Amino acid sequence: MMRLLGIDPGLRFTGWGVVEAEGTRLRHVADGVIAVAAGGEVALRLKALDEALAEILVRFQPREAAVEETYVNRNAAATLKLGYARGVALLAPARAGIPVFEYGAKTVKMAVVGTGGADKEQVGLMVRRLLPGAARQRADAADALAVAICHAHHRATARLWAAAP
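Cut-offs applied
- Residues numbered from 1 in each chain as written.
- Predicted model: local features only at pLDDT ≥ 70, side-chain atom pairs only at ≥ 80, totals over all residues.
- Heavy atoms only, no water.
- Helix = DSSP H or I, 4+ residues; strand = E, 2+ residues; numbered from the N terminus.
- Buried < 20%, exposed > 50% of the residue type's maximum accessible area, 1.4 Å probe, protein only.
- Pairing = 2+ DSSP bridges.
- Polar contact = N/O pair within 3.5 Å; in protein donor to acceptor, adjacent residues only side chain to side chain.
- Contact = heavy atoms within 4.5 Å.
- Salt bridge = Lys/Arg side-chain N within 4 Å of Asp/Glu carboxyl O.
- Phe/Tyr/Trp six-rings, centres within 6.5 Å; stacked < 30°, edge-to-face > 60°.
- Axes fitted to C-alpha atoms, helices over the stretch in contact; angles between N-to-C directions.

## Quick word on unusual backbone geometry
- One non-glycine residue, glutamine 61, lies in the positive phi region at around 50°.
- Tracing the backbone shows glutamine 61 in the loop between α1 (42-60) and β4 (64-68).
- Judged by relative accessible area, which is 52%, glutamine 61 ranks as exposed.

Written as structure tokens, this is what we have:
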């Protein structure tokens with residue numbers, strides 16, 4: 001059984017989700033959203049995010065982590081701030097000695113829904129179907145669970161390829 005942490009980074013809201021994977025079987029462990037107060041110094045907001053992620057890592061002891069890649073939008077300042085949060089999301093598990101993997105939004109949607117153009121509602125619905133016990137939650141938490149599911153699928157496929165003659 002492998003415990004995996006998925007992270008959907010954001011400077012205001014960062015979703016997180018923990019799943020256990022055994023082969024192709026998945027089990028929901030926990031999920032939530034780290035809410036950082038809007039406004040204020042960016043450095044202090046990033047520190048709060050880092051501390052919350054460190055607490056999640058200690059509490060749930062994942063063996064691997066996966067982080068959603070940043071998409072570039074029309075607002076360069078917002079994209080840059082999202083990049084700050086993503087940097088913290090990559091650093092926190094790496095500092096704890098946990099391997100970190102990255103997946104683009106389309107790859108995550110393809111793994112969970114079957115199409116890279118799925119909307120947030122479709123992703124949330126499929127997360128709940130794939131992980132019984134994952135209650136209806138904020139889109140950020142559902143997205144983080146989707147990242148964890150994507151990683152579980154990719155790692156299972158990689159193991160099958162490695163075992164093939």
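Moving on from the coordinates now.
## Examining the pairing of strand β2 (residues 13-22)
- Burial within β2 is extensive, with eight of its ten residues counted as buried.
- The loop that links strand β1 (residues 2-8) with its antiparallel partner β2 comprises four residues.
- Counted along the chain from β2 to the antiparallel partner strand β3 (residues 25-35), the turn is two residues long, and its residue glycine 23 has a positive phi close to 65°.

## Quick notes on the side chain of glutamate 20
- Among the secondary structure elements, glutamate 20 is positioned in strand β2.
- For glutamate 20, a relative accessible area of 12% corresponds to the buried category.
- At a separation of 2.6 Å, a polar atom in the side chain of glutamate 20 contacts the side chain of arginine 3.
- Here the side chain of glutamate 20 touches arginine 27 through a polar contact of 2.8 Å, side chain to side chain.
- Leave out the neighbours within four places in its chain, and glutamate 20 touches Met1, Met2, Arg3, Arg25, Leu26, Arg27 and Val29.

## Regarding the pattern of salt bridges
- Considering all chains together, one arrives at eight salt bridges under this definition.
- Here lysine 47 makes a salt bridge to glutamate 51, at a shortest N to O gap of 2.7 Å. Here lysine 47 pairs with glutamate 51, and both are found in helix α1, just four residues apart, close to one helical turn.
- Classification of lysine 47 as partly exposed rests on a relative accessible area of 47%.

## A closer look at the packing of aromatic side chains
- With the rule as written, the count across this model stands at one aromatic pair.
- Their ring planes at 40° and their centres at 5.4 Å tell us that tryptophan 16 and phenylalanine 60 sit as a pair that is tilted. With tryptophan 16 in strand β2 and phenylalanine 60 in helix α1, the pair connects residues that are 44 residues apart, well separated along the chain.
- Phenylalanine 60 gets classed as buried once you look at its relative accessible area, which sits at 9%.

## As for the sheet that holds β3
- Read across the sheet, five strands follow the order β3-β2-β1-β4-β5 without closing on themselves; strand pairing throughout is mixed. The two strands at the open ends of the sheet, each matched to only one other strand, are β3 and β5 (100-103). Each strand axis lies, on average, 20° off the axis of its neighbour in the sheet, ignoring direction.
- Bridge count between β4 and β5: four bridges; the pairing is parallel. The residue bridging valine 67 from the neighbouring strand is glutamate 102, located in β5.

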